[in-house]
Each structure stands twice: as structure tokens, then as C-alpha cells.
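Single-letter residue listing:
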Amino acid sequence: MEQKKLPNGVLSIVLGIFGFICCCTGIFGAISSGIGFFLATKSEKLYKENPDDYDNYSQIKTGKIISLIALILSAIMVVRWIYIISNAGGFGEFIEEFKSAYSEAMEQYN
């Protein structure tokens, strides 16, 4: 019997890598790596039902690990952004501080 490929193997790896690249933003990395982790888990369940039918389980494991690492880093960054904004006195104060720091930097540059 010919073995088939598990669905979403490459997609979970790509979404995990994209989540890893975007983990500094927090939310974008969490969304993409969360989707990649979900797809890898779904394919893993499919593999466990019929392990003899599929041959790319290692690809699914790799995608799941990359997505999980990116998801953890993104969650840490979300917590960090919440901490930074709350210490600035809220989102409005954070934006005002950013604007003043940006204008000071532009004055020094010119």
C-alpha cells in the first residue's frame, strides 16, 4: 500500500517560521504560530489514527515544535507590551511619550 502525505505539513512549518519572525510584535506572531500549532496538532491526530498510512510525521513534529516555540515567545512579548504600556500610564500616555522621543531624535538628527 502506498503511503500518503499528512496534510498541512509544510504549512505548519511556514506559519511557525513566520510566527518566529513576527514574535517581537506579539500578536501577529501569536496568531500565525497558533494556527500553525493547531494545524500540526490536527495532522498529528490523523497520524495517530492510522500511522501506517502516512510517511511525513517528522515534518509535522518539526512544524509543531517551531510553532510552539514561536507561540511561547509571542506570548512573552504580549505580556511585555502590556507591562510597558501599563507602566507608561495607559496607551494614550505611551503614544505621547513615543511622539516626544521621536521628535527629540529627529531634532538631534537634523
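Report follows, based on the coordinates. (Residues numbered from 1 in each chain as written. Predicted model: local features only at pLDDT ≥ 70, side-chain atom pairs only at ≥ 80, totals over all residues. Heavy atoms only, no water.)

### Quick look at the overall build of the chain
The number of helices and strands found in the chain is 4 helices and 0 strands. Reading the secondary structure of the chain in the N-to-C direction produces α-α-α-α. Its C-alpha radius of gyration of 20 Å places the chain more than 25% over the 13 Å reference for a compact globule of 110 residues. Taking the principal axes of the C-alpha coordinates as reference, the chain spans close to 70 × 30 × 15 Å. Per-residue burial over the chain gives 29% buried out of 110 residues. Considering only contacts within the chain whose residues lie at least 6 apart along the sequence, 72% involve residues at least 24 apart. Where the 9 positive side-chain charges of the chain centre and where its 11 negative ones centre are 10 Å apart. (Helix = DSSP H or I, 4+ residues; strand = E, 2+ residues; numbered from the N terminus. Rg over C-alpha atoms; globule rule 2.2 N^0.38 Å. Buried < 20%, exposed > 50% of the residue type's maximum accessible area, 1.4 Å probe, protein only. Contact = heavy atoms within 4.5 Å. Lys, Arg positive; Asp, Glu negative; His and termini not counted. Charge placed at Lys NZ, Arg CZ, Asp CG, Glu CD.)

### Some details on the environment of Gln108
Counting through the fold element by element, Gln108 comes out in helix H4 (residues 91–109). Separated by 98 residues in the primary sequence, Gln108 and Val10 have C-alpha atoms spaced 47 Å apart.

### A look at the packing of helix H2 (residues 27–49) against helix H3 (residues 57–87)
In contact at an axis separation of 8 Å, H2 and H3 are set at 150° when each is read in the N-to-C sense. With respect to H3, the element H2 is oriented roughly antiparallel. The crossing of H2 and H3 is left-handed. When grouped by side-chain class, the residues that make up the contact of H2 with H3 number 11 nonpolar, 9 polar and 3 charged. (Axes fitted to C-alpha atoms, helices over the stretch in contact; angles between N-to-C directions. Parallel < 35°, antiparallel > 145°, perpendicular 65-115°, else oblique. Left-handed = near helix turned anticlockwise from the far one by under 90°. Nonpolar A, V, L, I, M, F, W, Y, C, P; charged D, E, K, R; others polar.)

### A word on unusual backbone geometry
Phi is positive for Asn8, which is not a glycine, with a value near 70°. With respect to the element layout, Asn8 can be found in the segment before helix H1 (9–21). Overall, Asn8 belongs to the partly exposed group, its relative accessible area being 26%.

### Notes on the pattern of salt bridges
Opposite charge on two side chains lets them pair, provided their charged atoms get close. Under the defined criterion, the tally for this structure stands at 2 salt bridges. Two residues, Asp55 and Lys5, come together in a salt bridge whose shortest N-O distance is 3.9 Å. With Asp55 in the loop between H2 and H3 and Lys5 in the segment before H1, this pair connects stretches of sequence that are 50 residues apart. When its relative accessible area of 41% is taken as the criterion, Asp55 is described as partly exposed. The exposed category is assigned to Lys5, whose relative accessible area is 58%. (Salt bridge = Lys/Arg side-chain N within 4 Å of Asp/Glu carboxyl O.)

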